Amino acid sequence: MKGTQLAGYDGCNHLMGTYKKAGSSLTIHMVAATLMACAVLDGGPSGFNDALGKTDSYRIYGNTLTLLEGKTVLAQFQSGTGNPQNTNP
């Protein structure tokens, strides 16, 4: 199965990659990122990028997207806020 392209911004760098989704299974492969020198606060971009790389499933409840590794919550996003909540720095 061919992956679908993704692009984003982690608050410091632009990210590009692919993802594969099947049911609630989700695999994210980061292909490239810019390498800006940025201040790291509260886990910072590296914590966010680590969470993306570890994600193996997700769930959506209401307006909240939760990225998971097994049963461990890696990050949560709420629509309209624009801010990730890294719950596992």
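Sequence positions are assigned chain by chain, starting from 1 and proceeding in written order. Two thresholds apply to this predicted model, a pLDDT of at least 70 for residue-level local features and 80 or more for giving and counting side-chain atom pairs, whereas whole-chain, interface and lining totals are computed over all residues. The basis for the side-chain values is all heavy atoms of the structure; hydrogens and waters are excluded.

## Some remarks on the overall build of the protein
Each helix corresponds to a stretch of at least 4 residues labelled H or I by DSSP, and each strand to a stretch of at least 2 residues labelled E; elements are numbered beginning at the N terminus. Each helix and strand counted, the protein has one helix and six strands in total. Reading the helices (α) and strands (β) of the protein from amino to carboxyl end gives β-β-β-α-β-β-β. Only protein chains enter the area calculation, which uses a 1.4 Å probe; residues under 20% of their type maximum are buried, those over 50% are exposed, and those in between are partly exposed. Out of the 89 residues belonging to the protein, those deemed buried represent 25%. Should any heavy atoms of two residues lie within 4.5 Å, those residues are considered in contact. In the protein, the proportion of contacts linking residues at least 24 apart, taken out of those at least 6 apart, comes to 24%. Reported accessibility uses the Shrake-Rupley method at a 1.4 Å probe radius. Residues are deemed covered only where the shown protein chains occlude them. Split by element, the accessible area of the protein, about 6,000 Å² in all, is 55% carbon and sulfur.

## Here's the deal with the pairing of strand β6 (residues 72-78)
Two strands pair if DSSP finds at least two bridges between them. Across six bridges, the pairing between strand β5 (residues 64-69) and β6 is antiparallel. Across the sheet, residue L68 finds its bridge partner in β6, namely V73. A loop of two residues connects β5 with β6, the two strands running antiparallel in sequence, and G70 in this loop sits at a positive phi of about 65°.

## Quick word on the nonpolar core
Throughout, nonpolar core names a set of buried Ala, Val, Leu, Ile, Met, Phe, Trp, Tyr and Cys residues whose side chains join them through atoms within 4.5 Å. Formed by L15, L26, I28, F48, A51, L52, Y58, L67, L74 and A75, the largest nonpolar core amounts to ten residues. Of all elements in the fold, only β3 (25-33), α1 (44-54) and β6 reach the threshold of two or more residues within this core. No other element matches α1, which puts three residues into this core.

## Quick word on the pairing of strand β1 (residues 4-9)
As judged from the six bridges shared by β1 and strand β2 (residues 14-22), these two strands associate in the antiparallel manner. Each residue of the ladder has a partner; that of Y9, found in β2, is H14.

## Some points on the side chain of S57
One can find S57 in strand β4 (residues 57-61). For S57, the contacting residues outside a window of four places in its chain are S24, S25, L26, T66, L67, L68 and G70.

## A look at the environment of Y61
Looking at the element boundaries, Y61 is found in strand β4. Judged by its relative accessible area of 73%, Y61 falls in the exposed class.

## Structural notes on the confidence of the model for the protein
Scored between 0 and 100, pLDDT is the confidence that the predictor attaches to each residue. For the protein, per-residue confidence averages 77 on the pLDDT scale, and 78% of positions sit at 70 or higher. Confidence, expressed as mean pLDDT per element, reaches its minimum in the protein at α1 with 73 and its maximum at β4 with 91.

## Thoughts on the side chain of T55
Within the secondary structure, T55 is located in the loop between α1 and β4. Under the rule applied, a polar contact is a pair of N or O atoms within 3.5 Å (in protein, one hydrogen donor and one hydrogen acceptor; residues adjacent in sequence only if both atoms are side-chain atoms). At 2.7 Å, the side chain of T55 and the backbone oxygen of A51 are in polar contact. In contact with T55, not counting residues within four places along its chain, are L26, T27, I28, L67, L68 and L74.

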